[in-house]
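As a plain string of letters, each chain reads:
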Amino acid sequence: MKLTKEQKEKLATELSHPWGRVKLLCDGYEIDLSVTRVKANSIVYRTLTYVNGRFEGKWANAKEGEYPETKFLRKSIRHLYSPAERLKLEKVWGKRHVKNDKRINSSYVLYLPDWANGKTAINHLCKVCESVSLIEKTEPSEVI
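**Considerations on the packing of aromatic side chains**
Then, number 1: Going through the model one piece at a time under the given rule, you end up with three aromatic pairs.
Then, number 2: For the ring pair W19 and Y45, a centre distance of 5.6 Å and an interplane angle of 90° mean the geometry is edge-to-face. In this pair, W19 sits in the loop between α1 (5-14) and β1 (21-26) while Y45 sits in strand β3 (residues 45-51), placing the two residues 26 residues apart along the sequence.

If you want it as structure tokens, here you go:
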């Protein structure tokens with residue numbers, strides 16, 4: 001079962017303000033999405049993903065399929081050389097050499113826990129998971 005359009009919009013509005021938090025159950029994993037300040041002295045907030053209440057650094061550099069938790073994270077492909085550096089190398093070595101060099105054209109993959117906003121995180125989870133459901137919040141009066 002996936003989230004409806006209305007549920008997605010509601011969750012996105014909950015994650016649109018600082019310190020917003022949402023708990024989801026995705027393919028048997030408890031996913032926490034929380035809005036957190038990125039740097040101490042800035043006003044930039046990002047939506048962070050926690051799988052079963054944690055994020056482990058070993059997931060960031062994982063190979064494809066090594067950890068199942070990486071499917072909930074943001075995939076970032078980074079090139080070893082920036083486009084500006086590649087242009088400099090083309091001037092020195094020529095376009096053909098740069099085009100055929102495996103090291104210059106190589107890249108690496110990172111799985112990062114942060115998202116620009118809650119809407120993108122929710123859309124990603126709905127895309128990669130077969131079942132996504134909301135874990136209802138319990139009020140303090142109900143617990144007692």
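Still to come is the rest of the account.
**Description of the environment of F72**
Then, number 1: Along the polypeptide, F72 turns up in the loop between β3 and β4 (74-79).
Then, number 2: With relative accessibility at 1%, the residue F72 sits in the buried group.
Then, number 3: For the pair formed by F72 and A60, sequence separation is 12 residues and the distance between their alpha carbons is 12 Å.
Then, number 4: For F72, the contacting residues outside a window of four places in its chain are C26, Y29, I31, T49, V51, W115, H124, L125 and C129.

**Remarks on the nonpolar core**
Then, number 1: Counting 22 residues, the largest nonpolar core has L24, C26, I31, L33 and F72 as its most contacted members.
Then, number 2: Residue assignment for this core shows that the elements contributing at least two residues are β1, β2 (29-37) and α4 (118-128).
Then, number 3: For C26, the residues in contact, after removing those within four places along its chain, are I31, F72, L125, C129, S131 and V132.

**Section: the sheet that holds β1**
Then, number 1: Spatial strand order, β6-β3-β2-β1-β7: five strands in an open sheet with antiparallel pairing. The sheet is open, and its two edges are formed by β6 (114-115) and β7 (132-134), each paired on a single side.
Then, number 2: Sheet strands touched by α4: β1, β2, β3, β6 and β7. Its angle to β2, the strand with the most contacts, is close to 165°.

**Here we look at the state of the cysteines**
Then, number 1: Scanning the model with the defined rule gives zero disulfides in all.
Then, number 2: Looking at the unpaired C26, the closest cysteine sulfur is the one in C129, lying at 4.4 Å.
Then, number 3: Look at C26 and you get buried, because its relative accessible area is 0%.

Rules used in this analysis
Residues numbered from 1 in each chain as written. Predicted model: local features only at pLDDT ≥ 70, side-chain atom pairs only at ≥ 80, totals over all residues. Heavy atoms only, no water. Phe/Tyr/Trp six-rings, centres within 6.5 Å; stacked < 30°, edge-to-face > 60°. Helix = DSSP H or I, 4+ residues; strand = E, 2+ residues; numbered from the N terminus. Buried < 20%, exposed > 50% of the residue type's maximum accessible area, 1.4 Å probe, protein only. Contact = heavy atoms within 4.5 Å. Core = buried A, V, L, I, M, F, W, Y, C linked by side-chain atoms within 4.5 Å. Pairing = 2+ DSSP bridges. Axes fitted to C-alpha atoms, helices over the stretch in contact; angles between N-to-C directions. Disulfide = S-S within 2.5 Å.

Purely spatial values, then, with no claim about function.
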